[in-house]
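So you can see what is in the structure, the chains are spelled out below.
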Amino acid sequence: MTAAGARARPQEEPEYDSDEEIGEDEGLDFWTPSSLPPLAKGVVYPSYVALRFAVQRDCTEKGASMMVFKADPCRAMYKCKREDEPPYCKYWVSAVWNEEDETVRVARYKGDHTCKTLSCVNSTAGGDTAFLLPFAKELWAQVPDIGGTKMAAALTTKVGVTVERHTCYRLIEQIEAEMRGGEIQSYTKLVAYLQAWKEVDPEARVDWSVDADGVFERCFLMSSAGAHVLEHGRPVPGIDGTFTKGLSRRHVLLVAVAQDCNKNVLPVAFGVVKTESGESWGYFLYHLKRGTKFFDEGNRGIMSDGHQSILTEVAAQLTGTQQYRCMVHLRKNMADRFGKHTRKPFWGAAKAATERKFWRKMQHLLKVSPECYLALVGDEGRGIAPEIPMSHWASWAAPFPRFGTHTNNISETMNAAMRALRTRPIHLIVSGGMEWAATKIYKRGVQAKKWEGPLCKWATVDLEKSAKLARSYPEPGNHTTTTGIVRDEKGWQWTVNLFDRTHGYSCSCGKPQDFKVPCSHVLKLMWVVDADKPTEERRTAESLVHVMYTTDRWRETYSKGMAMVSVDDLPHVPHVPAPAPAANDGRRQ
């Protein structure tokens with residue numbers, strides 16, 4: 001994450017020398033936990049707060065109980081809680097205040113504990129956990145979505161005392177409360193950020209709106225570079241929605257994700273809406289379509305889960321675009337409705353490359369669950385229509401190649417990658433996602449320019465693997481110049497057609513029809529058929545690969561650089577009130 005999208009952290013101060021005096025311009029705001037010297041007689045601290053932290057750190061490192069703080073304008077004393085009960089403890093720290101340089105000097109220090117040490121820090125047991133707050137802030141700054149369990153483990157390792165996760169939940173809530181003031185202003189900054197995008201990238205698709213009271217309602221942002229990647233990537237992008245968490249639990253983040261020839265994903269459009277409803281998805285898809293030329297061309301699809309709002313709005317807004325349902329989500333839905341025993345036969349039918357294999361797998365499904373069978377394919381004789389068109393989920397029924405996009409993993413992967421961002425204020429969520437995309441566009445563009453070879457990296461590696469497998473296959477027996485049966489090393493037979501009218505070439509394994517790259521079976525038959533031809537007339541494996549996988553296409557995908565907008569230098573806009581937060585932000589991970 002770049003500096004603009006990350007939370008500012010204090011710079012490390014040099015180690016403090018206890019023999020030097022503290023100047024007038026130094027004090028509370030100029031020390032960090034790591035800069036404080038260990039407790040010892042004569043050590044000088046910049047304030048009572050710094051002294052209190054040093055004492056509690058010293059006590060915790062020794063595994064002892066918390067201290068009782070007694071102070072007056074001229075002195076401070078720390079004693080063990082068990083000083084007045086057996087076994088008596090002699091731990092004692094006293095310090096005096098120096099009015100001349102406004103510092104605190106340790107006058108007396110007895111650092112040996114003779115009482116029973118404390119083995120657990122728990123806020124519900126009356127323990128003083130204030131000393132843990134600086135450590136917790138440091139962890140939260142590094143991992144904004146850290147949960148109570150992980151923070152407890154990290155603090156236990158750091159301070160040497162067992163810290164309960166319930167204590168860490170209270171610490172997280174305290175840290176978030178301190179940050180809430182900045183989060184309220186986040187929506188004003190988000191509008192300013194969108195306004196800045198309009199200025200730096202006139203071709204970008206930018207939109208936002210507020211309600212009648214001026215409260216932020218929704219927005220959409222897609223850069224021109226993101227639209228360019230979408231237009232030159234694989235023809236089936238993914239869309240999905242995810243809830244913001246933590247302080248920003250006021251909206252839903254909608255994302256459109258493209259995939260290039262190397263199977264690399266990239267978020268190309270972001271939307272912030274109140275709820276994942278039909279109106280919200282209609283707003284998002286309306287601007288997505290008008291922000292790019294992707295949907296103006298033929299053979300375009302969109303991959304999503306089974307959210308009814310998505311299905312309805314895709315049909316309404318993206319006319320002529322093929323809808324595809326995620327196989328993983330659909331398999332889970334069928335298993336929840338009809339039982340887990342439907343998972344395996346459904347998956348085999350969904351992945352079947354040929355119609356013959358599809359119906360053979362569906363017969364297995366019919367035996368284990370007739371209800372699931374009717375829900376998927378219906379019964380024309382009985383007048384039962386399928387709940388989901390087969391072209392939306394069955395591989396063999398796809399009207400055009402999907403280039404390997406069978407699930408919505410490209411969107412789910414992006415949601416996981418942005419998980420840390422989702423706990424931050426809303427303007428940092430959007431700006432962080434855009435900066436992440438800009439970084440990927442630049443790095444992948446450099447990688448494409450340095451790549452040597454006619455095909456992209458993924459296609460080159462895939463062809464090498466297929467060729468290696470093809471060399472291990474036995475020579476096919478009966479074959480013609482166009483068709484033949486290839487037997488692999490396991491003895492399985494595959495039917496290959498080198499001149500398929502629909503796909504150019506095909507195989508019963510389904511890979512050529514789906515990915516538009518030759519499989520090992522196609523390569524084997526092609527080598528055998530072309531063995532007697534002159535060298536210049538023989539076909540090469542590269543000649544069978546779709547233009548999508550060429551290096552030129554790869555370079556063109558990332559040829560357009562992405563503008564950068566810093567959240568530290570935004571134009572002034574009128575204040576935009578923040579909407580009311582949601583009731584909760586879900587369970588902590």
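The paragraphs below set out a description of the structure included in this document. Quick caveat, the model's predicted, so the values are computed rather than measured.

**Describing the overall build of the chain**
Working step 1: Tallying secondary structure elements over the chain gives 18 helices and 17 strands in all.
Working step 2: When burial is assessed residue by residue, the chain has 50% of its 589 residues classed as buried.
Working step 3: Looking at the chain alone, contacts between residues at least 24 apart form 62% of all its contacts between residues at least 6 apart.

**So, unusual backbone geometry**
Backbone phi values are negative for most residues with the exception of glycine, while trans is the configuration of most peptide bonds.
Working step 1: Its identity is not glycine, yet Lys 263 carries a phi of approximately 70°, on the positive side.
Working step 2: With respect to the helices and strands, Lys 263 occurs in the loop between β11 (252-259) and β12 (265-273).
Working step 3: Residue classification places Lys 263 among the partly exposed residues on the basis of a relative accessible area of 37%.
Working step 4: In the Ramachandran plot, Lys 516 falls in the positive-phi region, its phi being about 60° despite a non-glycine side chain.
Working step 5: With respect to the secondary-structure elements, Lys 516 resides in the loop between α16 (511-515) and α17 (520-529).

**Side note on the packing of aromatic side chains**
For any two aromatic rings, the description comes down to two numbers: the centre-to-centre distance and the angle of the planes.
Working step 1: On inspection of all chains with the given rule, the structure shows 15 aromatic pairs.
Working step 2: When the centroid spacing of 5.6 Å and the interplanar angle of 50° are considered together, the rings of Phe 358 and Trp 396 count as tilted. Placement of the pair is Phe 358 in helix α11 (residues 355-368) and Trp 396 in the loop between α12 (370-377) and α13 (409-417), with a sequence separation of 38 residues.
Working step 3: Classification of Phe 358 as buried rests on a relative accessible area of 0%.
Working step 4: Given the relative accessible area of 24%, Trp 396 is considered partly exposed.

**Let's talk about the packing of helix α10 (residues 343-351) against α11**
Working step 1: Taken N-terminus to C-terminus, the directions of α10 and α11 make an angle of 160°; their axes are 8 Å apart at the nearest point. On the basis of their axis angle, the class for α10 and α11 is roughly antiparallel. Between α10 and α11 lies a crossing of left-handed hand. Contacts between α10 and α11 involve Pro 345, Phe 346, Gly 348 and Ala 349 from the first element and Phe 358, Lys 361, Met 362, His 364, Leu 365 and Val 368 from the second.
Working step 2: Among the residues making up the contact of α10 with α11, the classes are represented as seven nonpolar, two polar and one charged.

**Quick notes on the nonpolar core**
Working step 1: Counting 94 residues, the largest nonpolar core has Trp 197, Ile 239, Phe 284, Leu 288 and Tyr 549 as its most contacted members.
Working step 2: With nine residues, helix α14 (residues 426-450) is the single largest residue contributor to this core.
Working step 3: Leaving out residues up to four positions away in the same chain, Leu 288 has contacts with Phe 220, Met 222, Ala 256, Ala 269 and Phe 295.
Working step 4: Ranked by size, the runner-up nonpolar core spans 34 residues in total, among them Phe 53, Leu 133, Ala 152 and Leu 171.

**What about the side chain of His 521?**
Working step 1: Relative to the helices and strands, His 521 resides in helix α17.
Working step 2: When neighbours within four sequence positions are excluded, His 521 is seen to be in contact with Tyr 473, Val 486, Trp 494, Val 496, Cys 507 and Cys 509.

**Quick notes on the sheet that holds strand β15 (residues 483-487)**
Working step 1: One open sheet accounts for three strands, arranged β15-β16-β17; its pairing is antiparallel. Of all strands in the sheet, those bounded by a partner on one side alone are β15 and β17 (504-507). On average, adjacent strands in this sheet sit at an angle of 20° to one another, irrespective of strand direction.
Working step 2: One ladder, built from three bridges, connects strand β16 (residues 493-500) with β17; its direction is antiparallel. For Val 496, the partnering residue across the bridge sits in β17 and is Cys 507.
Working step 3: Of the strands in this sheet, β15, β16 and β17 are in contact with α17, which crosses β16 at around 65°.

**Structural notes on the pattern of salt bridges**
Working step 1: For the structure on display, the rule yields ten salt bridges.
Working step 2: As a salt-bridge pair, Arg 300 and Glu 297 come within 2.5 Å of each other at their nearest N and O atoms.
Working step 3: Assessed through its relative accessible area of 7%, Arg 300 is described here as buried.
Working step 4: A relative accessible area of 45% means that Glu 297 is categorised as partly exposed.
Working step 5: One salt bridge connects Glu 387 with Arg 337, and the closest N-O pair in it is separated by 2.9 Å. Separated by 50 residues along the polypeptide, Glu 387 in the loop between α12 and α13 and Arg 337 in helix α9 (residues 327-338) bring together distant segments of the chain.
Working step 6: For Glu 387, a relative accessible area of 47% gives the class partly exposed.
Working step 7: According to the relative accessible area criterion, Arg 337 is partly exposed, its value standing at 47%.
Working step 8: Through salt bridges that share partners, Asp 530, Lys 533 and Arg 539 make up one connected network.

**Considering the environment of Gln 513**
Working step 1: Turning to its location among the elements, Gln 513 is positioned in helix α16.
Working step 2: Measuring from C-alpha to C-alpha, the distance between Gln 513 and Phe 400 comes to 8.7 Å, with 113 residues separating the pair along the chain.

**Looking at the pairing of strand β13 (residues 301-304)**
Working step 1: Along β13, one buried face is formed by Gly 301 and Met 303 and the opposite face, lined by Ile 302 and Ser 304, is buried too.
Working step 2: Relative to strand β14 (residues 322-325), β13 runs parallel, the two sharing four bridges. Residue Gly 301 lies in a different strand from β14, and its bridge partner there is Gln 322.
Working step 3: Following the backbone out of β13, through helix α8 (residues 308-317) and into the adjacent parallel β14, one traces a crossover that is right-handed.

**Quick notes on the environment of Phe 53**
Working step 1: By secondary structure assignment, the location of Phe 53 is in helix α1 (residues 48-61).
Working step 2: Each C-alpha atom of the pair Phe 53 and Pro 134 lies 9.1 Å from the other, and the pair is 81 residues apart in sequence.

Conventions we followed
- Throughout this document, residue positions are counted from 1 along each chain, in the order its sequence is written.
- Residue-level local features of this predicted model are given only where pLDDT is at least 70; pairs of side-chain atoms are given and counted only at 80 or more, and the full residue set underlies all totals for whole chains, interfaces and linings.
- The basis for every side-chain value is the complete set of non-hydrogen atoms in the structure, without hydrogens or water.
- Going along the chain from the N terminus, every DSSP run of H or I of four or more residues is numbered as a helix, and every run of E of two or more is numbered as a strand.
- Burial classification: accessible surface area is computed with a 1.4 Å probe over protein chains only, and a residue below 20% of its type maximum counts as buried, one above 50% as exposed, and the rest as partly exposed.
- When checking whether two residues touch, look at their non-hydrogen atoms; a contact exists if any pair is within 4.5 Å.
- Only centres within 6.5 Å qualify two rings of Phe, Tyr or Trp (six-membered ring in Trp) as a pair; their planes then separate them into stacked at under 30 degrees, edge-to-face at over 60, and tilted for everything else.
- The angle between two axes is taken between their N-to-C directions and runs from 0 to 180 degrees, where each axis is a line fitted to C-alpha atoms and a helix contributes only its stretch in contact.
- Should an angle fall under 35 degrees it is called roughly parallel, over 145 degrees roughly antiparallel, and 65 to 115 degrees roughly perpendicular, with every other angle called oblique.
- Each crossing is labelled by how the near helix is turned from the far one, with a counterclockwise turn of less than a right angle marking it left-handed and a clockwise turn marking it right-handed.
- Throughout, the ten residues Ala, Val, Leu, Ile, Met, Phe, Trp, Tyr, Cys and Pro are labelled nonpolar, Asp, Glu, Lys and Arg are labelled charged, and all others, Gly among them, are labelled polar.
- The term nonpolar core refers to a set of buried residues drawn from Ala, Val, Leu, Ile, Met, Phe, Trp, Tyr and Cys, joined through side-chain atoms within 4.5 Å.
- Note on pairing: DSSP must find at least two bridges between two strands before they are called paired.
- Salt bridges are identified by distance alone: a Lys or Arg side-chain nitrogen within 4 Å of an Asp or Glu carboxyl oxygen.
- By convention a crossover is right-handed if, when the strands point away from the viewer, the path from the first strand over the helix to the second runs clockwise.

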